[in-house]
Amino acid sequence: MTTVLAAVVGHRRAPSRLLGSTAMLVAQFVLAMVVVTAVLRLWQLDLRVPFNYWGDSIFELMLAKSIADGGWIWSIQRLGAPFGLAIAAFPQNLVFSSLVMKAIAIFTSEPGLILNLFWLFSIGLTSLICHAALRPFGLTRGSVFVFSTLYALLPHVFFRNIAHISLTYMFVPVICAQALIVLSRCKATADGVERGAEPRLSRPFLVLAALAIGTDYIYNAFFSCFFLSFAGIAAYLSTRNGKALAASLSLVALIGVTALVNLSPSLWTWHQQGPPATIDYKGPAEAEYYGLKIRHLVSPVLVDILAPEDVTYPLENENAWAKLGGVGGVGFVLALGAALFASRTGTPRRLWAAGVLAMAGVLLATVGGFGAIFNVLITPDIRAYNRIVVFIAFFAFYTLFHCIEWAWARFGGKAARPSGALFGLTLAGIFAIGVVDQGAAGKSLVENHDTYRARFDVERAFVARVEQSVPDAQQVFQLPIAPFPGDPGREDMWPYDHGRPYLWSNRFKWSWPALTDVQTAFESQLKTDDPAKLLDQLVKVGFDGLWIDRAGYRDGVAEALERRLTELTAKAPLVSDDERYAFFDLGRQAREWATAAPAVQREERQALTEPVLLGFDAGFYGEEVSEGGARRHRWSGPKSKVKLRNTAAVAKSVVFTTTVQASAPSQLTVVGPRGYRQALEMKGGEGQLTVAVTLEPHERAELALSLDGPRILAPGDKRTLHFVLINPSLKPKAGKS
């Protein structure tokens, strides 16, 4: 692989030079892996146990499990039962990363090992690619090795670990290097355009980087397009030379087209089923909430002197992970100085360009920055701007090592040029400080390993025992019901905990997660407060097992539920060794239901799994919940639309009901399909709306609402509020399917 990459980086090199380049890249990869092995003490760890085993890591492990089972990342048939999980509807789409994991899965089926090895490999590959991207810049070999290793071991990589495997940044150095080249290549002078022997990256190398970034998570693609566009436009405005602009925009176009193709499975899923309501959780304000903070950016990791314990700062979240460490922080400060004071001609202009690019990244990503403006005017989908740190880090490290070599050559005399033992000791000192400081971010991964190992052992053993005890069971429903992807946790359950049993299961299909609107509508019909009715519903759609995570219930609730289920099933549950999980065999109920007439089975199943979906379109604001969940309401402007979609292959008649409130006596006009029209008079500012609709197979329809009444004035609320729907619901029409 390194030989191929060396050829791509410098495809016109002579064979002897190619061999030398390959050796340097291999040495760089080995150095990074040796360092990360020492930092994490890998020889003491069982790499089958995930480095991180909660929250987002469970989601990433689910993808690794799907790959290990011979599947792919767009659909996981053993999740989301009884429908299967069309995970493409949640557009992460890590195609490049998943191809690498697919290769690892040739040798192991352990999801934890696959994800751990991929993450470790990504660190080594990042250092290797960074080394290759830096070679044209004329830095000494020692500086390149230290730069590339520290860059690959940013605090970001340890803080994110396998939980955010989507935020690996293997090819980011190529984009940063190209942006630096473009911005610094040409500079207007009194006599025209200054040119010289400038660094260049080979076209195959740039194309490979663009394709890899475009086929992974959208964040790095977005930031890459930003820096390339900024560099190209700034260079063009400075020189009026269109080549720099064309070079940048051609890469931007390639990344953009690749990213669009990469998202096509998600776009197709949305076209077929509609975007799931569960993923509509991003808003423009989150650019502020997750924005970059300079205070964190320049903070050392080992001793964070800029976060005193007696001070509470607002908007503290994952942006605390956007650190450069002590060495990178010094480089960042130097970069800002270079942007303001470095010469824009000659070799120092690359120093100036690095500073300008670092400053541009901060202006985009900081709290209240241009990213927040982009999210208001364009789209809120890029919300966590602190993740730009891996780009800023490149420019910060480049500035630092450029300054070190310049200062050594400038003040050290001929005998003290950037080479020799003393210069080597200087680099070694920087390397040691950086590794110790940045490596401190990985401390928790080592400290938590034994805890994760104990849970790993318990859950793996219990799932195996359950599958062995009920050999005929196929589908397992999981309680309590937990949302996806916006899972905040429940009681002592962590987010995504329901994904744990799937990781160690060989054949069961599991009910979690409900992603599509059909899945969430199915779950909303289940009588979870009535165990007898719940079991009846579950067996009708094919479930023959029930999994209970006791951590998701308040004290006493799980016990009462299990007592009732034991009475209904006439069988005690299987219980895990740590007494957290309980499993009920529903085989007897499933066999009894199987004796019903096929037509009855089909009709009952369709009633639960092919519902008419209720949605709220233009004019409505998000759902609000109060009174302990007893009241659910949606505010609307003067005009809005209610969406209805029949997912069944047969016609269905439903009734939409809701309480409507306005601020004064008014009239609400409702226009529906097939000429339906109703005028609801609300003499006291309140009325009860009831609309009966029959929908043809797979029909989509709308109810257009329009209020003839005044706006509700709510001090401090900038929304345009005219009326509110309270507890809207959709139920089958009596006597109809």
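Residues numbered from 1 in each chain as written. Predicted model: local features only at pLDDT ≥ 70, side-chain atom pairs only at ≥ 80, totals over all residues. Heavy atoms only, no water.

> Go over the sheet that holds strand 12 (residues 652-662) with me, naming the residues and quoting the values.
Spatial strand order, 9-10-17-12-15: 5 strands in an open sheet with antiparallel pairing. Sheet topology places strand 9 (624-626) and strand 15 (686-695) at the edges, where each strand pairs with a single neighbour. On average, each strand axis in the sheet is inclined to that of its neighbour by 35°, with strand direction left out of account. Two elements, strand 9 and strand 10 (residues 631-636), share 3 bridges in a ladder whose sense is antiparallel. By the bridge assignment, glutamate 624 is partnered in strand 10 with histidine 633. (Pairing = 2+ DSSP bridges. Helix = DSSP H or I, 4+ residues; strand = E, 2+ residues; numbered from the N terminus. Axes fitted to C-alpha atoms, helices over the stretch in contact; angles between N-to-C directions.)

> I'd love a proper account of the pairing of strand 3 (residues 475-479), names of residues and values included.
As a general feature of sheets, a regular strand has side chains that alternate between the two faces. Counting buried positions along strand 3 yields 5 of 5 residues, so the element is predominantly enclosed. Of the two faces of strand 3, the one holding Gln475, Phe477 and Leu479 and the one holding Val476 and Gln478 are both buried throughout. As paired strands, strand 3 and strand 4 (residues 509-510) are joined by 2 bridges and run parallel to one another. Across the sheet, valine 476 pairs through a bridge with tryptophan 510, a residue of strand 4. For strand 3 and strand 5 (residues 545-549), the ladder comprises 4 bridges, and the chain directions are parallel. (Buried < 20%, exposed > 50% of the residue type's maximum accessible area, 1.4 Å probe, protein only.)

> Describe the confidence of the model for the chain, naming the residues involved and giving the relevant values.
Confidence in the prediction of the chain, expressed as mean pLDDT, is 90, and 94% of residues score 70 or more. Across residues 188-196, confidence stays below pLDDT 50; counting only partners more than four residues off in sequence or on other chains, it has 15 contacts. (pLDDT = per-residue confidence, 0-100. Contact = heavy atoms within 4.5 Å.)

> Can you lay out the nonpolar core for me, pointing to particular residues and giving the numbers?
Residues Leu40, Trp119, Phe147 and Tyr151 are the most contacted members of the largest nonpolar core, which totals 166 residues. In this structure, leucine 40 is in contact with Leu45, Phe51, Trp119, Leu120, Phe158, Gly442, Leu445 and Val446, ignoring residues within four places of it in sequence. Of all hydrophobic cores here, the second largest spans 22 residues; its members include Phe620, Val670, Leu703 and Phe723. (Core = buried A, V, L, I, M, F, W, Y, C linked by side-chain atoms within 4.5 Å.)

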